[in-house]
Amino acid sequence: MATSRTFGPEREAEPAKEARVVGSELVDTYTVYIIQVTDGSHEWTVKHRYSDFHDLHEKLVAERKIDKNLLPPKKIIGKNSRSLVEKREKDLEVYLQKLLAAFPGVTPRVLAHFLHFHFYEINGITAALAEELFEKGEQLLGAGEVFAIGPLQLYAVTEQLQQGKPTCASGDAKTDLGHILDFTCRLKYLKVSGTEGPFGTSNIQEQLLPFDLSIFKSLHQVEISHCDAQHIRGLVASKPTLATLSVRFSATSMKEVLVPEASEFDEWEPEGTALEGPVTAVIPTWQALTTLDLSHNSISEIDESVKLIPKIEFLDLSHNGLLVVDNLQHLYNLVHLDLSYNKLSSLEGLHTKLGNIKTLNLAGNLLESLSGLHKLYSLVNLDLRDNRIEQMEEVRSIGSLPCLEHVSLLNNPLSIIPDYRTKVLAQFGERASEVCLDDTVTTEKELDTVEVLKAIQKAKEVKSKLSNPEKRGGEDSRLSAAPCIRPSSSPPTVAPASASLPQPILSNQGILGDE
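Since the model is a prediction, treat every value here as computed from it, not as a measurement.

Reading guide: rules and limits
Residues numbered from 1 in each chain as written. Predicted model: local features only at pLDDT ≥ 70, side-chain atom pairs only at ≥ 80, totals over all residues. Heavy atoms only, no water. Helix = DSSP H or I, 4+ residues; strand = E, 2+ residues; numbered from the N terminus. Contact = heavy atoms within 4.5 Å. Axes fitted to C-alpha atoms, helices over the stretch in contact; angles between N-to-C directions. Parallel < 35°, antiparallel > 145°, perpendicular 65-115°, else oblique. Left-handed = near helix turned anticlockwise from the far one by under 90°. Nonpolar A, V, L, I, M, F, W, Y, C, P; charged D, E, K, R; others polar. Pairing = 2+ DSSP bridges. Salt bridge = Lys/Arg side-chain N within 4 Å of Asp/Glu carboxyl O. Buried < 20%, exposed > 50% of the residue type's maximum accessible area, 1.4 Å probe, protein only.

Draft legend 1. Inspection of the side chain of Lys 17 at higher detail. Position of Lys 17 relative to the elements: it lies in strand β1 (residues 17-27). Each residue touching Lys 17, except ones within four places of it in the same chain, is listed here: Thr 38, Asp 39, Gln 97, Leu 100, Phe 117 and Glu 121.

Draft legend 2. Structural view of the packing of helix α5 (residues 122-143) against helix α7 (residues 177-186). Contact pair α5 / α7: the axes reach a minimum separation of 8 Å and the direction vectors enclose 40°. Accordingly, the angle class assigned to the pair α5 and α7 is oblique. As α5 packs across α7, the resulting crossing turns out to be left-handed. Of the residues in α7, those touching α5 at Thr 126, Leu 129, Ala 130, Leu 133, Phe 134, Gly 137, Glu 138, Leu 140 and Leu 141 are Leu 177, His 179, Ile 180, Asp 182, Phe 183 and Arg 186. Split by residue class, the contact of α5 with α7 holds 9 nonpolar, 3 polar and 3 charged.

Draft legend 3. Up close: the sheet that holds strand β3 (residues 42-49). A sheet is described by the order of its strands in space; here 3 strands give the open sequence β1-β2-β3, paired in antiparallel fashion. The open sheet has two edge strands, β1 and β3, and neither has a second partner. Pairwise comparison of adjacent strand axes, ignoring direction, gives a mean angle of 25° for this sheet. Each of β1 and β2 (30-39) is contacted by helix α2 (residues 82-102), which is oriented at about 155° to β1, the strand it contacts most.

Draft legend 4. Region of the structure containing the pattern of salt bridges. Counting across every chain of the model gives 15 salt bridges. Glu 304 serves as the salt-bridge partner of Lys 255, at 3.0 Å between the closest nitrogen and oxygen. With Lys 255 in helix α8 (residues 254-258) and Glu 304 in the loop between β12 (291-293) and β13 (314-316), this residue pair connects regions lying 49 residues apart in the sequence. Judged by its relative accessible area of 29%, Glu 304 falls in the partly exposed class. Linking Asp 383 and Arg 385 is a salt bridge whose minimum nitrogen-to-oxygen distance equals 2.9 Å. The buried category is assigned to Asp 383, whose relative accessible area is 8%. Owing to a relative accessible area of 23%, Arg 385 belongs among the partly exposed residues under this scheme. Each of the salt bridges in this network shares a partner with another, and the network as a whole consists of Arg 82, Glu 86 and Glu 89.

Here it is, written out as structure tokens:
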């Protein structure tokens, strides 16, 4: 579990909280006072007018019997004059400091809300979350909705559990930490979204906070974005149940997500494999995981951690920094792969790693040659837009693929040559009518032109054979590709034109929102 208690050095004791009035501003006809609250290395600002202070004071007098003369008196004449405002800033600061000193343990709820503890302070955050789940937790679980929560909230819960304090220090049963733990034990759909830059009005860099997900025991789907994967603990506790995982804008390697414990061992192997040589650890696999989205990260290689996801069917590694395709031969069930917008320049030997692939997105790479695609016999959807393919000859590598139905070659150099569409379709021979090029259905006029091109090509080949009888008729095969033959146990399916992966299920964003 994460041990950091603050954004700087670890703290051993809970620091005293401070509140200073650091300035004011005129809004319409009234003055708003700017309060800076400090809790250890956490700082945030709150703005209140004098009437808010008055309301706070009235409640504290009634509920906590504080001195009713503690609050500076209200002024009617000259209330916005600079001299009065400056004096009131000092008086209100003294007032707040006396209140915090009067309640060194558990801050009264009304004061905690006044100072926005429920947004920025550990105890306030967990109390607010517990109360929300006390009121709406059963409804959320029953509806099967995605529950959205921020890294700061998870950090607060993690820290609260580490402190070993009573789960209901305030005495209010609604704010008992047990409501959170009961909810997280049963939740199936979780979304954790950080924020870029400071959180709210604070100095808190939410995306860098450590938190522990082991309190979640039944997760089927998890979405994480704008967090530091190196600071996420406990995700592996969901291996038995997790079917869909998305980690975006968060990771620098696949290992960080799939096998964070790998850094502790010199050699490791996945559970169930035949061990060869010295192995210091056997790591359980993600036995239920079928969809993995690691797009929009800073991943530079497909490392050996993929051995731990043998049941993956949908894999999205788009918008990373991949240079080569490696290790995917371990994914026997992989049928949809998105490698778009990486730095791939070669596809040699790709068929040895992607034997059963049906949808392949290679858009936005550095590809000039398609020679590595000619044996992907199960391929149905292929996206090659935004690459560097210049020669029509390269299309011949995919022209004989028997199941290919959707191809995109837009924004390649060859896409601007005259009669580009018909010349590409001609490479598919008798299957030209079955191919949808660049998301546009082939027209009858195009098919007529394709037939003419085929006839011209046939005439050239006959003439070539007559002049060189050594050539065999088998060279015609590229113009008459074999039909797609699917196993009888697998009914024909038509994949969507887009090669992108299916999006995880999303519904309402939970009771707390993304940010």
